[in-house]
Amino acid sequence: SSGRTDKGVHAYNQVFHFDTESKISGNSMKQVLNSYLPEGIYIKSSEEVHETFHSRYDIFSKEYMYVINKKEFDVIKRNYEWYPGDFDPNIFKKELKALIGTYDFTSFTKTNDLNCIRTIYDVKFIENEKYLVVYIKGNGFLRYMVRNIIAGAMSFTKGKLQIGVRALLDKKDNTILKDIAPSGGLYMNEVTYYE
C-alpha cells in the first residue's frame with residue numbers, strides 16, 4: 001500500500017499495487033476485488049502499471065484531511081470527526097500555516113526514525129458554521145505526525161500548551177506533547193505520484 005494508517009484512521013484514496021499472473025485486465029480487476037473484499041473496503045478504480053511501479057516508494061506527495069466539529073458533540077459521527085470543545089479557529093489556522101516548509105518533525109512523532117525531516121507543501125482549510133476541515137499536504141509523514149500536529153495546534157489555541165507548533169519544532173523533543181488528536185477525524189485524502 002501507499003502507507004499504513006493508525007487504527008481508526010480512514011482513507012478515501014489509499015493506493016496499493018500487487019504482482020499477478022492473472023489474465024484479468026487491469027480495468028476489470030476492480031470488480032473482481034470488490035466481490036471478495038469486506039464492506040469496509042471499496043476499490044474505486046484499477047489499472048495495469050509498469051512492473052517497476054511501487055505504490056509506496058514512487059510517491060511525490062500525500063495529503064491528509066482532518067475533520068473538526070466546531071458546534072456540538074455528535075455521538076453518531078464520533079468515529080469520523082473530532083469535537084474538541086470551544087476554540088478560536090483563527091489562532092488554530094495560523095498555527096498550522098506556520099508549518100509550511102521543511103523541518104525536523106521529531107516533536108510530532110513517537111517513532112525513533114533517524115531522519116525526521118519532512119516537507120509540508122501546503123495547509124488548507126474548508127470551514128463553515130459547523131465544521132473546520134484541515135488539509136495537510138507533504139512529501140511524507142511520520143507515525144502519528146498529523147494527529148500530533150492537530151493536537152499541538154489545538155492545545156496551544158486552547159491555552160493548554162504554552163508554546164506554539166513552530167517552537168515545538170525547534171525543541172525536537174517528542175515528550176512535550178501529551179495529547180494526540182483522535183484517529184477518527186483523520187483521513188488519508190490523496191496520494192500523488194511522480195510522472
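As shown above, the structure is provided for reference.
Values in this document were obtained by computation on a predicted structure and should not be read as measured data.

**Observations regarding the packing of helix H2 (residues 89-97) against helix H3 (residues 145-157)**
Relative orientation of the contacting elements H2 and H3 amounts to 135°, with a least axis distance of 9 Å. The angle between the axes of H2 and H3 places the two elements in the oblique class. In the packing of H2 onto H3, the handedness of the crossing is right-handed. Residues Ile91, Phe92, Glu95 and Leu96 of H2 lie in contact with H3, whose contacting residues are Ile149, Ile150, Ala153, Met154, Phe156 and Thr157.

**Digging into the side chain of serine 61**
Within the fold, serine 61 resides in strand S2 (residues 59-69). Given a relative accessible area of 2%, serine 61 falls into the buried group. Among all residues touching serine 61, those that are not within four sequence positions of it are Tyr121, Lys137, Gly138, Asn139, Glu190, Val191 and Thr192.

**Thoughts on the pattern of salt bridges**
Inspection of the entire model under this criterion finds seven salt bridges. With its nearest N and O atoms 2.7 Å apart, the salt bridge here joins lysine 93 to glutamate 127. Of this pair, lysine 93 sits in helix H2 while glutamate 127 is found in strand S4 (residues 117-127), placing the two residues 34 residues apart along the sequence. Accessibility expressed as a relative area gives 34% for glutamate 127, which makes it partly exposed. Within this structure, Lys70, Lys93 and Glu127 form a network of salt bridges that share partners.

**Considerations on the nonpolar core**
Phe92, Phe105, Val134 and Ile150 are the most contacted members of the largest nonpolar core, which totals 38 residues. Each residue touching phenylalanine 92, except ones within four places of it in the same chain, is listed here: Ile68, Phe87, Leu132, Val134, Ile150, Ala153, Met154 and Thr157.

**What to know about the packing of aromatic side chains**
In this structure the tally under the stated criterion is ten aromatic pairs. Summarising the aromatic geometry, the rings of phenylalanine 16 and phenylalanine 18 are spaced 6.0 Å apart at their centres and angled 25° between planes, so their arrangement reads as stacked. Every member of this aromatic cluster is reached through a ring pair, and the members are Phe60, Tyr121 and Tyr194.

**Let's talk about the environment of lysine 172**
Mapping lysine 172 onto the fold places it in the loop between helix H4 (165-171) and strand S6 (186-193). The sequence separation of lysine 172 and leucine 114 amounts to 58 residues, and the corresponding C-alpha distance is 12 Å. Lysine 172 has contacts with Asp104, Thr106 and Ser107, leaving out every residue within four places of it along the chain.

**Description of the sheet that holds S6**
Pairing within the open sheet is mixed, and its six strands lie in the order S1-S6-S2-S5-S4-S3. With partners counted over all chains shown, the strands left at the sheet margins are strand S1 (10-11) and strand S3 (101-104), one partner each. Strand direction decides the pairing type here: S4 and strand S5 (residues 131-138), joined by seven bridges, are antiparallel. Among the inter-strand pairings, lysine 124 is bridged to a residue of S5, identified as tyrosine 135. In the packing of H2 onto the sheet, the strands contacted are S2, S4 and S5, and the crossing angle to S4 comes to about 155°.

Quick notes on the rules
- Residues numbered from 1 in each chain as written.
- Predicted model: local features only at pLDDT ≥ 70, side-chain atom pairs only at ≥ 80, totals over all residues.
- Heavy atoms only, no water.
- Axes fitted to C-alpha atoms, helices over the stretch in contact; angles between N-to-C directions.
- Helix = DSSP H or I, 4+ residues; strand = E, 2+ residues; numbered from the N terminus.
- Parallel < 35°, antiparallel > 145°, perpendicular 65-115°, else oblique.
- Left-handed = near helix turned anticlockwise from the far one by under 90°.
- Contact = heavy atoms within 4.5 Å.
- Buried < 20%, exposed > 50% of the residue type's maximum accessible area, 1.4 Å probe, protein only.
- Salt bridge = Lys/Arg side-chain N within 4 Å of Asp/Glu carboxyl O.
- Core = buried A, V, L, I, M, F, W, Y, C linked by side-chain atoms within 4.5 Å.
- Phe/Tyr/Trp six-rings, centres within 6.5 Å; stacked < 30°, edge-to-face > 60°.
- Pairing = 2+ DSSP bridges.

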